[in-house]
Structure formats: C-alpha cells, structure tokens
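For reference, the chains in residue letters:
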Amino acid sequence: MNFVKALQSKNIDTVCVYKDYCIGCGKFIKYQEDSITYFCFHDISTYIFWLDQGKTFASKKDNCFDYSAIEIDSTSLWKIFFTYENQIKEEKVKPFEYLV
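Everything numeric here is computed off the predicted structure, so don't read it as measured data.

Draft legend 1. Expanded view of the overall build of the chain. Helix and strand content of the chain: three helices and six strands. Listing each helix as α and each strand as β along the chain from the N terminus yields α-β-β-β-β-β-β-α-α. Long-range pairs, those at least 24 residues apart, make up 39% of the contacts in the chain with a sequence separation of at least 6. As displayed, the chain has an accessible area near 8,400 Å², and 53% of this comes from carbon and sulfur atoms.

Given below as structure tokens:
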C-alpha cells in the first residue's frame, strides 16, 4: 500500500491497517465534482492508524475516496494492541466463508 510506504519513508514505525469488506455488500456511490456526476462502486474500506511523535492519526481509503488524515484520541487502541501484540501477530487471517 503506497500510503503506508509513504508513512514509513517519514520514519513512522507504528502503523495499524484494518480492512473492512464483505462479499456481496458493495454499493454504487453517486457524487459530484466540478459539476460532473460520478459513480463509484464501493466495496472495501481500509482504515489506517499510525503514531507520530506520540500522537495518533487516522485516515480512510476506499475505492471511491481518499480521506484526509485526522488526529484522534486512541489511548485504548494502542494499549490493547501492545498488551496483546504477541498474540495478535500469531493469529492467522482466514478468508471469509459463505454458505449457499
């Protein structure tokens, strides 16, 4: 992911990436920009959190938009992560399953 690589090039070493998606849950989004109507198929959202000089920032990226970064209060986010860091790293991400 280019955004994460850009953060790493700025010596940001703590990054958390969360992807939110589901099969068959996509939707078309209609928006206007410069008096032009666009349609975009939105099916995956990626949330990125990172630490920079003791402050936590977040941004969202998806098929349709590139959101700005904002500073957030995240005391519990990093506390939970660093408490369970070893267990989290050992987990295996499994693909979604569905039944027909």
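Anyway, onward from the coordinates.
Draft legend 2. Region of the structure containing the packing of aromatic side chains. In the structure shown here, the tally under the stated rule is six aromatic pairs. With a centroid separation of 6.0 Å and an interplanar angle of 20 degrees, the aromatic rings of tryptophan 50 and phenylalanine 57 are classed as stacked. Judged by relative accessible area, which is 6%, tryptophan 50 ranks as buried. Ring centres of tryptophan 78 and phenylalanine 81 lie 6.4 Å apart, and the angle between their planes is 90 degrees; on these two criteria the pair is classed as edge-to-face. Residue tryptophan 78 and its partner phenylalanine 81 are both found in helix H2 (residues 75–83); the two are separated by three residues, about one turn of the helix. Note on phenylalanine 81: relative accessible area 23%, which makes it partly exposed. One aromatic cluster is present, formed by Phe3, Trp50 and Phe57 through successive ring pairs.

Draft legend 3. Quick peek at the confidence of the model for the chain. Per-residue pLDDT for the chain has a mean of 82; in total, 86% of the residues score no lower than 70. Element-level pLDDT for the chain is lowest in strand E2 (residues 27–33), with a mean of 70, against a maximum mean of 93 in strand E6 (residues 70–72).

Draft legend 4. How the structure looks around unusual backbone geometry. Positive phi outside glycine occurs at asparagine 11, with the angle close to 65 degrees. Within the secondary structure layout, asparagine 11 lies in the loop between helix H1 (2–9) and strand E1 (15–21). Overall, the relative accessible area of 69% leaves asparagine 11 in the exposed class. Of note, glutamine 53 is a non-glycine position whose phi angle comes to about 55 degrees, a positive value. Its place among the elements puts glutamine 53 in the loop between strand E4 (44–52) and strand E5 (55–62).

Draft legend 5. Structural detail: the sheet that holds E1. Taken in spatial order, the four strands of this open sheet run E1-E4-E5-E6, and their pairing is antiparallel. At either end of the open sheet lies a strand with only one pairing partner, and these are E1 and E6. Within this sheet the neighbouring strands show an average axis-to-axis angle of 30 degrees, counted without direction. Where E4 lies against E5, eight bridges are found, and the strand directions are antiparallel. Of the residues in E5, the one forming a bridge with isoleucine 48 is serine 59. Where H1 meets the sheet, its contacts fall on E1, E4 and E5, and the angle it forms with E4 comes to roughly 5 degrees. Here H2 sits on the sheet and contacts E1, E4 and E5; the angle it forms with E4, its principal contact strand, is near 90 degrees.

Calculation criteria
- Residues numbered from 1 in each chain as written.
- Predicted model: local features only at pLDDT ≥ 70, side-chain atom pairs only at ≥ 80, totals over all residues.
- Heavy atoms only, no water.
- Helix = DSSP H or I, 4+ residues; strand = E, 2+ residues; numbered from the N terminus.
- Contact = heavy atoms within 4.5 Å.
- Areas by Shrake-Rupley, 256 points an atom, 1.4 Å probe, with all protein chains shown as cover.
- Phe/Tyr/Trp six-rings, centres within 6.5 Å; stacked < 30°, edge-to-face > 60°.
- Buried < 20%, exposed > 50% of the residue type's maximum accessible area, 1.4 Å probe, protein only.
- pLDDT = per-residue confidence, 0-100.
- Pairing = 2+ DSSP bridges.
- Axes fitted to C-alpha atoms, helices over the stretch in contact; angles between N-to-C directions.

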